[in-house]
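Chain by chain, the residues run as shown.
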Amino acid sequence: MNIILLGPPGAGKGTQARHLVETRNMVQLSTGDMLREAKDSGTEMGNMVADVMARGDLVTDEIVIGLIREKLEDTTEHGGFIFDGFPRTLAQATALDELLKATGKTLDHVIELRVNDDALVKRIAGRSTCGNCGEVYHDVTKPQPADGKCSKCGASDFKRRADDNEESLRNRLMEYYKKTSPLLGYYYAHDLLKRVDGLADINVVQASIEAILDA
Ligand code: AMP
């Protein structure tokens, strides 16, 4: 089963994707994570996208489609792909349709995590993650453990994203509404769109997503 998690920055796509990786052996394809990896390891492409990402603009369709194409060629057995942060434009959505078709795969659900902008700003402003396992913390709602060790894996290297600041976030939201939200209409027309309240308790969001996948 292949699904897309759709929603603005901070909607909880990454958190929910990680849960599905653990419980259903699915594979998370986060173009944001792939781009950050390229940036951190200083590849030519990584250096090219660093400024674009810091501003909160979208990187070119060509780059992200190339990243996804590579991953779809992997033939290891698993529970399906979770597209997280991809597609973000109509051109990416149609490219994904073609890539899936070419590899004999289908898209089963597009799940929109609905949230309001004020909640997003609050969520993102205090966000940090474990550099080892990706567990997400928040200064107010889920502070890093007092002993400085990740509650999930015990590592003590926490990261804050360079683009998790208010200016970049406003730009990321603008990009979302301008370029990504038209995908809601696209997938509605393809009868794939499902909606979940992204502001509900994390376990409730998980359960709602699981109910969609099990229906
Ligand atoms: P994310 O981790 O999904 O919030 O992505 C972080 C940043 O990476 C975005 O603000 C964009 O600059 C870039 N990015 C990630 N995915 C895409 C995509 N599908 N298309 C264009 N840019 C992307």
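As a starting point, this report considers the structure included with it. (Residues numbered from 1 in each chain as written. Predicted model: local features only at pLDDT ≥ 70, side-chain atom pairs only at ≥ 80, totals over all residues. Heavy atoms only, no water.)

Observations concerning the side chain of Asn-2
Thought 1: Here Asn-2 shows up in the segment before β1 (3-6).
Thought 2: Judged by its relative accessible area of 8%, Asn-2 is buried.
Thought 3: A polar side-chain atom of Asn-2 sits 2.9 Å from the main-chain amide nitrogen of Phe-81.
Thought 4: For Asn-2, the contacting residues outside a window of four places in its chain are Gly-80, Phe-81, Phe-83, Lys-105, Thr-106, Leu-107, Asp-108 and His-109. (Helix = DSSP H or I, 4+ residues; strand = E, 2+ residues; numbered from the N terminus. Buried < 20%, exposed > 50% of the residue type's maximum accessible area, 1.4 Å probe, protein only. Polar contact = N/O pair within 3.5 Å; in protein donor to acceptor, adjacent residues only side chain to side chain. Contact = heavy atoms within 4.5 Å.)

Some details on the state of the cysteines
Thought 1: In this structure the tally under the stated criterion is 0 disulfides.
Thought 2: Left unpaired, Cys-130 is separated from the closest cysteine sulfur, that of Cys-153, by 3.7 Å.
Thought 3: For Cys-130, a relative accessible area of 3% corresponds to the buried category. (Disulfide = S-S within 2.5 Å.)

With respect to unusual backbone geometry
Thought 1: In the segment running from Phe-86 into Pro-87, the intervening peptide bond is cis, with an omega of -5 degrees.
Thought 2: Secondary-structure assignment places Pro-87 in the loop between β3 (81-84) and α5 (90-102).
Thought 3: Unusually for a residue other than glycine, Asn-25 sits at a positive phi of about 55 degrees.
Thought 4: Residue position: Asn-25 is located in the loop between α1 (13-24) and β2 (27-30).
Thought 5: The residue Asp-191 is not glycine, and still its phi comes out positive at about 60 degrees.
Thought 6: Summarising the element assignment, Asp-191 is placed in the loop between α8 (182-189) and β8 (193-197).
Thought 7: A residue is classified by how much of its surface remains accessible, and Asp-191, at 67% relative accessible area, is exposed.

A word on helix α7 (residues 166-180)
Thought 1: The terminal C-alpha atoms of α7, which comprises 15 residues, lie 20 Å apart, in line with the 21 Å expected from a rise of 1.5 Å per residue.
Thought 2: Inspection of α7 places Ser-168, Leu-169, Arg-172, Leu-173, Glu-175, Tyr-176 and Thr-180 among the buried residues, and these make up the whole buried set. Axial view of α7: buried residues confined to an arc of 160 degrees, hence all on one face. Exposed residues on α7 whose side chains face more than 90 degrees from its buried face are Glu-167 and Lys-178. (Expected span 1.5 Å × (residues − 1). Arc of directions from axis to C-beta.)

Some words on the packing of aromatic side chains
Here a ring pair, both rings aromatic, is described through the centre-centre distance and the interplanar angle of the planes.
Thought 1: Considering all chains together, one arrives at 5 aromatic pairs under this definition.
Thought 2: With a centroid separation of 6.1 Å and 40 degrees between ring planes, the pair formed by Phe-81 and Phe-83 is classed as tilted.
Thought 3: On the accessibility criterion, Phe-81 (3% relative accessible area) is buried.
Thought 4: On the basis of an interplanar angle of 80 degrees and a centroid distance of 5.0 Å, the ring pair of Tyr-186 and Tyr-187 is categorised as edge-to-face.
Thought 5: Feature note: the residues Phe-81, Phe-83 and Phe-86 constitute an aromatic cluster, connected by ring pairs.
Thought 6: The ring of Tyr-137 has Lys-142 sitting right over it, with the charged end atom 5.1 Å from the ring centre. (Phe/Tyr/Trp six-rings, centres within 6.5 Å; stacked < 30°, edge-to-face > 60°. Lys NZ or Arg CZ within 6 Å of the ring centre and 35° of its normal.)

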